[in-house]
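Per-entry structural report
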Amino acid sequence: METKQLEIVDNELARQFETRVDGHLAKVEYMMGADRIFLTHTEVASALEGKGIASALVEKVLQIVDERKLRMVPLCPYVATYLRRHPEWKRLLAHGINV
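Residues numbered from 1 in each chain as written. Predicted model: local features only at pLDDT ≥ 70, side-chain atom pairs only at ≥ 80, totals over all residues. Heavy atoms only, no water.

1. Quick word on the environment of R68
- Mapped onto the fold, R68 is located in the loop between α1 (53–67) and β5 (71–74).
- On the accessibility criterion, R68 (43% relative accessible area) is partly exposed.
- Residues R68 and T19, spaced 49 residues apart in sequence, show a C-alpha to C-alpha distance of 19 Å. (Helix = DSSP H or I, 4+ residues; strand = E, 2+ residues; numbered from the N terminus. Buried < 20%, exposed > 50% of the residue type's maximum accessible area, 1.4 Å probe, protein only.)

Written out as structure tokens, the structure reads:
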């Protein structure tokens, strides 16, 4: 899945970045604190599993975090695993946070 194909909406009321693919919701939930964003949960509908949607979504969310000049705390195991596989994004980690 190409990340540029995903249209991400920051649903601030629900505190989640979300996209719809083939009518199914995929999301990364978050909490804010000062200049930090805590990425708490990634969820992709079972109908979308195995299509690279979660990976593309997380990459797009990291681009948004970078653009907003936020520091990130990845509480979601999927996001932490993504960071281990793509260490170039570790520069966004909040001070003292390791994955």
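2. Topic: the packing of aromatic side chains
- This structure, assessed with the given rule, holds one aromatic pair.
- Plain terms: the ring middles of F17 and Y30 are 4.8 Å apart, the flat faces sit at 35 degrees to each other, and that makes the pair tilted. Residue F17 is found in strand β2 (residues 16–21), and its partner Y30 is found in strand β3 (residues 24–33); the two are separated by 13 residues along the sequence. Y30 matches F17 in its accessibility class, with the two residues each being buried. (Phe/Tyr/Trp six-rings, centres within 6.5 Å; stacked < 30°, edge-to-face > 60°.)

3. Here we look at the sheet that holds β5
- Taking strand neighbours across the sheet as the criterion, the five strands line up as β1-β2-β3-β4-β5 in an open arrangement whose pairing is mixed. Of all strands in the sheet, those bounded by a partner on one side alone are β1 (9–11) and β5. Ignoring strand direction, the axes of neighbouring strands in this sheet form an average angle of 30 degrees.
- For β2 and β3, the ladder comprises six bridges, and the chain directions are antiparallel. Its bridge partner being in β3, R20 is matched across the sheet by L25.
- Strands β2, β3, β4 (36–44) and β5 of the sheet are contacted by α1, whose axis makes an angle of about 160 degrees with β4. (Pairing = 2+ DSSP bridges. Axes fitted to C-alpha atoms, helices over the stretch in contact; angles between N-to-C directions. Contact = heavy atoms within 4.5 Å.)

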